[in-house]
Amino acid sequence: MTAGKSWVPGTDGSGYGVHHLPYGVFRVGDGEPRIGVRVGDLVLDLAGAEAADLVLAGGALGRPTLNTFLALGRPQWTAVRQRITELLTDVAHRAAVEPLLIPLDEVRMELPFEVADYVDFYSSEQHATNVGLIFRPGQPPLLPNWKHLPIGYHGRAGTVVVSGTPVVRPHGQRPSREGPVFGPSARLDIEAEVGFVVGVPSPLGRRVAAADFADHVFGVVLVNDWSARDIQAWEYQPLGPFLGKSFATSVAAWVTPLDALRHAFVPGPEQDPSVADYLRDEPHQGLDLRLTVNWNGEPVMRPPFAGMYWTPAQQLAHLTVNGASLRTGDLYASGTVSGPRRDEVGSFLELSWGGTEPVTVGGTERTFLADGDTVTITATAPGRDGLVIELGEVAGTVLPAE
Ligand code: CA
């Protein structure tokens, strides 16, 4: 056996080798949902593996969602990952494990975890600046609080859907010169984001320190926080986003464990002014994830995650600093990921500069989403030994308003 090499054909050198091993929930035909881990273009049936005593997780892998497994905590997450790696690299296990491998095209992916609470941040300085310039021209683009705390709001957990779920164009009120009009959104947009999945809960009344990030957070999913800009523009003052966001938020079907991303952590940006003590994270680290947004299959934006102003550990410390508890299955997203260049932004609002500068997609000029459009967000990250990790994609197609 060669260290780190898998006996599963076609997996070494792919973005889904044994250096990655993301978790998801799948069905075969009308079967019950089962937990699996992706290796190459195959799913290892972990429910089957646990039933056969090939991996031990106290029954947590025999559940219809990842939540029980997420609640186990980091020592167990790491032990299970090590065992799965053994199973997929040591040929002695091949005869037992091979029957548990199912081709991806024979499964249907489900939402990997039951979402408890959903929080969405606003952590990209470039995105916050661009939105300020577009929505509040002539005023300072960043509001006075922005560099003192990670701005966020509580979203709607029940409308978080798995990649591939169609998104129906929402109805709502939108502003016009003659006053508000009601109808389908005319400015449907995306937000390319990175989501963090909480495993280990915390009790009400107790703060979670930034240093305890890896004890609570299991892993990462790509997120598309679909946004109806016209509904949002009319409703958002004074309480913030509401129906312009809550109609759907898509997450990838595969959760990449933090254990796979050890080589992707990079120093976070310098923060000036200095932050409150509870927001100090040591080390101050972001993640080198490189996103690509594909509009009907055409790559149109490449947002870099590494430069996000607020780190995931700071976001966790902030969302619990008032004593708010964490629950297993909590999802908190980074906010739109935007880099400094126009083709590095994470929304069509920015790409088309508020709809004033159309872009050419598929040979036609476009600003916001049309019915039938498909948006697919992908990302890569550096893995061990120079290998590349491909995060599970998050895709969705816009259906006409009902
Ligand atoms: Ca958002």
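These numbers were taken from a predicted model, which means no experiment stands behind them.

Some words on the pattern of salt bridges
At step 1: If you walk through the whole model with that rule in mind, you get 21 salt bridges.
At step 2: Where Asp259 meets Arg74, a salt bridge forms, and the shortest distance between an N and an O atom there is 3.2 Å. Of this pair, Asp259 sits in the loop between β17 (256-257) and β18 (265-267) while Arg74 is found in helix α3 (residues 74-89), placing the two residues 185 residues apart along the sequence. The two residues Asp259 and Arg74 agree in class, both being buried.
At step 3: In this structure, the salt-bridge partner of Arg366 is Asp373, at a minimum N-O distance of 2.4 Å.
At step 4: One connected set of salt bridges, linked through shared partners, spans Asp189, Glu191, Asp225, Arg229 and Lys245.

Some thoughts on unusual backbone geometry
At step 1: Cis geometry marks the peptide bond from Gln237 to Pro238; its omega dihedral reads 5°.
At step 2: Turning to its location among the elements, Pro238 is positioned in the loop between α7 (229-235) and α8 (243-246).
At step 3: Pro273 follows Asp272 through a cis peptide bond whose omega is 10°.
At step 4: Of note, Pro273 is situated in the loop between β18 and β19 (285-287).

Describing the UniProt feature "binding site: Mg(2+)" (unreviewed entry) in the protein
At step 1: UniProt feature "binding site: Mg(2+)" (unreviewed entry): in the numbering of this structure it lies at Asp225, Lys245 and Thr249. A compact arrangement is adopted by the annotated residues: their sequence extent is 25 residues, whereas the largest C-alpha distance between any two is 7.7 Å.
At step 2: Following the sequence through the fold, Lys245 ends up in helix α8.
At step 3: Apart from residues no more than four positions distant in its own chain, Lys245 is found in contact with Tyr153, Glu191, Asp225, Trp226, Ser227, Arg229 and Gln232.
At step 4: Position of Thr249 relative to the elements: it lies in strand β16 (residues 249-251).
At step 5: With relative accessibility at 1%, the residue Thr249 sits in the buried group.
At step 6: Leave out the neighbours within four places in its chain, and Thr249 touches Tyr118, Thr159, Val160, Val161, Val223, Asn224, Asp225 and Trp226.

So, how was this worked out
Residues numbered from 1 in each chain as written. Predicted model: local features only at pLDDT ≥ 70, side-chain atom pairs only at ≥ 80, totals over all residues. Heavy atoms only, no water. Salt bridge = Lys/Arg side-chain N within 4 Å of Asp/Glu carboxyl O. Helix = DSSP H or I, 4+ residues; strand = E, 2+ residues; numbered from the N terminus. Buried < 20%, exposed > 50% of the residue type's maximum accessible area, 1.4 Å probe, protein only. UniProt positions renumbered as here; feature names shortened; annotations may be inferred. Contact = heavy atoms within 4.5 Å.

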